[in-house]
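Analysis of the macromolecular model
Listed below are the residues making up each chain.
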Amino acid sequence: MLERDEPEVVGRRVQRLRAQRGLTQRQLAEPAYTPAYISTLEAGRVRASDEALRHIADRLGVTFEELAAGRPAHLATGLRLRLTEAQRLLADGRAEEAAVQYGLVRAEAEAHGLGREQADALLGLGECALETGALSEARDRFERAEEQLADQSLPVRVPAVRGRAVAHYLAGELRYAVYLLESTLDELNRGGLHDPDALLLLYASVIGPYMDMGAHARAAQAAEFALALAPRAGDPALIARMHRSVARTLLAEGRIAEADASLAKAAELYAQLRLRTELANCHWMRGYVCAQNGELDRAEQELRQAHGMLARTRAALYRSQAAVELADVLHRRGRSEEAAELLEGVLGDFSSERGAVHAAAAHRLLGIIAEDARDTEAAEEHYVRALSLLERAGAAGDLADLCRLLGDLLRRTGRTEAALDAYRTGLGHRTAPGTTTLGPAPAQPPLWPVPPSPDRPPL
């Protein structure tokens with residue numbers, strides 16, 4: 001329903017438009033109304049009915065919307081077209097240009113009280129901020145979008161919630177990201193709001209935080225639900241994102257070929273959609289899969305392609321994350337000096353609030369390289385920095401391994417008690433297979449049968 005302006009505002013607008021057209025009150029009123037009624041309306045002493053305003057709008061040669069709310073004709077449609085153009089710019093890797101367009105749409109939508117268009121512009125601004133690594137700004141945009149959509153149903157608000165969760169995840173706040181995603185999933189499923197697009201978006205987004213926290217059982221279950229939802233989701237971009245996320249779970253289970261097939265499917269969809277950042281992330285994940293499978297030459301090719309694509313999109317945080325994976329492959333190929341140079345070049349893009357898990361991975365690898373060079377002091381410093389970052393992020397899956405590396409280093413240098421402390425810390429953070437320190441799992445959606453597919457073997 002159109003939200004009309006107050007009677008005083010509408011009355012002044014009618015009077016101004018009538019004067020501009022040189023009409024008398026009688027000419028504007030007849031034949032359905034009296035001059036006295038028009039006079040009362042222009043003075044703001046009566047709230048005109050929709051029927052009366054449509055008659056007056058027709059006599060003045062304007063739309064009902066323009067007369068009742070002060071909006072130019074077809075404004076909402078024009079803004080939606082501009083939002084679509086901004087989405088295209090973002091998909092093309094031009095986040096800064098997209099942000100300008102989204103900002104202009106947001107300002108115009110706010111000026112004319114178009115809440116949904118304003119919310120969509122805020123969502124777009126949030127995605128642009130994620131793309132460029134401005135995580136605090138991203139959180140603010142998504143929070144404002146959620147406030148703007150407060151009167152909408154939960155499925156409509158899901159993209160804003162998911163955006164906030166991703167911003168927290170990228171900042172290393174894994175537990176809070178999982179809380180946001182799980183609580184929303186729980187509310188959707190318990191409330192019977194089984195919207196396929198909303199559920200798929202949430203399940204695909206929660207896999208990454210689950211994996212980094214060592215909650216492999218929940219990651220696998222989220223992947224299973226995502227695969228069941230995919231045939232019912234209408235947005236191919238969501239399906240592509242899901243395939244990339246599911247690949248992480250398949251990889252953790254040692255199902256390399258299936259993970260690679262899932263990533264290839266995602267890459268195909270992203271290429272069609274021209275979502276360059278996501279496509280680059282697919283190459284990044286494929287490189288990681290190849291590295292885990294010992295195919296280091298192909299892994300380097302995939303990761304270099306991802307790194308180059310992300311550099312062209314100016315997605316600094318994602319580019320730096322890909323650089324860490326590439327450095328690991330270079331180190332394993334005996335090019336440690338090149339790997340260390342790459343890592344030192346990207347560490348400035350990370351902080352404890354921004355990309356903490358990958359910053360820790362960079363310090364861990366630099367520690368290993370320093371140990372190989374017999375620089376135990378530098379190695380210890382890097383391990384301790386990595387440990388601090390992982391503890392703040394709650395990445396239990398990586399903490400145990402890092403504590404082992406630090407403990408081994410301390411033991412080799414004769415500091416037995418300190419080594420035992422490191423080992424104990426690692427054991428305290430170790431997560432047994434299939435368990436997690438998270439709370440109860442969220443309610444499940446209805447279990448739909450998943451048709452067999454040669455591209456996606458069943459989980």
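As the structure is a computational prediction, the values presented were derived from the model and not from experiment.

Rules and cut-offs
- Residues numbered from 1 in each chain as written.
- Predicted model: local features only at pLDDT ≥ 70, side-chain atom pairs only at ≥ 80, totals over all residues.
- Heavy atoms only, no water.
- Phe/Tyr/Trp six-rings, centres within 6.5 Å; stacked < 30°, edge-to-face > 60°.
- Lys NZ or Arg CZ within 6 Å of the ring centre and 35° of its normal.
- Salt bridge = Lys/Arg side-chain N within 4 Å of Asp/Glu carboxyl O.
- Buried < 20%, exposed > 50% of the residue type's maximum accessible area, 1.4 Å probe, protein only.
- Helix = DSSP H or I, 4+ residues; strand = E, 2+ residues; numbered from the N terminus.
- Lys, Arg positive; Asp, Glu negative; His and termini not counted.
- Polar contact = N/O pair within 3.5 Å; in protein donor to acceptor, adjacent residues only side chain to side chain.
- Contact = heavy atoms within 4.5 Å.
- Core = buried A, V, L, I, M, F, W, Y, C linked by side-chain atoms within 4.5 Å.

This paragraph deals with the packing of aromatic side chains. Counted according to the given criterion, the structure contains three aromatic pairs. Just above the ring of Phe64 sits the side chain of Arg54; from NZ or CZ to the centre is 4.0 Å.

With that settled, the discussion passes to the pattern of salt bridges. The tally for this structure, following the rule as stated, stands at 28 salt bridges. The shortest N-O distance in the salt bridge between Glu295 and Arg298 comes to 3.8 Å. When its relative accessible area of 32% is taken as the criterion, Glu295 is described as partly exposed. Asp328 is the salt-bridge partner of Arg332, the closest N and O atoms lying 3.9 Å from each other. Of this pair, Arg332 and Asp328 both sit in helix α18 (residues 316-332), four residues apart, roughly one helical turn. Relative accessible area serves as the criterion here: at 39%, Arg332 is assigned to the partly exposed category.

Turning our attention to the side chain of Arg157. Relative to the helices and strands, Arg157 resides in helix α10 (residues 154-170). As a buried residue without a salt bridge, Arg157 has its nearest oppositely charged side chain in Glu146, at a separation of 4.8 Å. Only 3.2 Å separates the side chain of Arg157 from the backbone oxygen of Gln152, close enough to count as a polar contact. Those residues within four positions of Arg157 in sequence are excluded, and the remaining contacts are Glu146, Leu149, Ala150 and Gln152.

To continue, consider the nonpolar core. Core analysis: the biggest nonpolar cluster contains 106 residues, and Leu130, Tyr203, Met242, Val246 and Tyr383 have the highest contact counts within it. Grouped together as the second largest cluster of nonpolar side chains are 17 residues, Leu41, Leu53, Ala57 and Leu67 included.

Turning our eyes to something else, we now look at the environment of Ala247. Inspection of the secondary structure puts Ala247 in helix α14 (residues 236-252). Taking the relative accessible area as the measure of exposure, Ala247 reaches 0% and is therefore buried. The spacing of Ala247 and Ala259 is 12 residues in sequence and 4.4 Å in space, taken between C-alpha atoms. Discounting chain neighbours no more than four positions away, the residues touching Ala247 are Ala259, Ser262 and Leu263.

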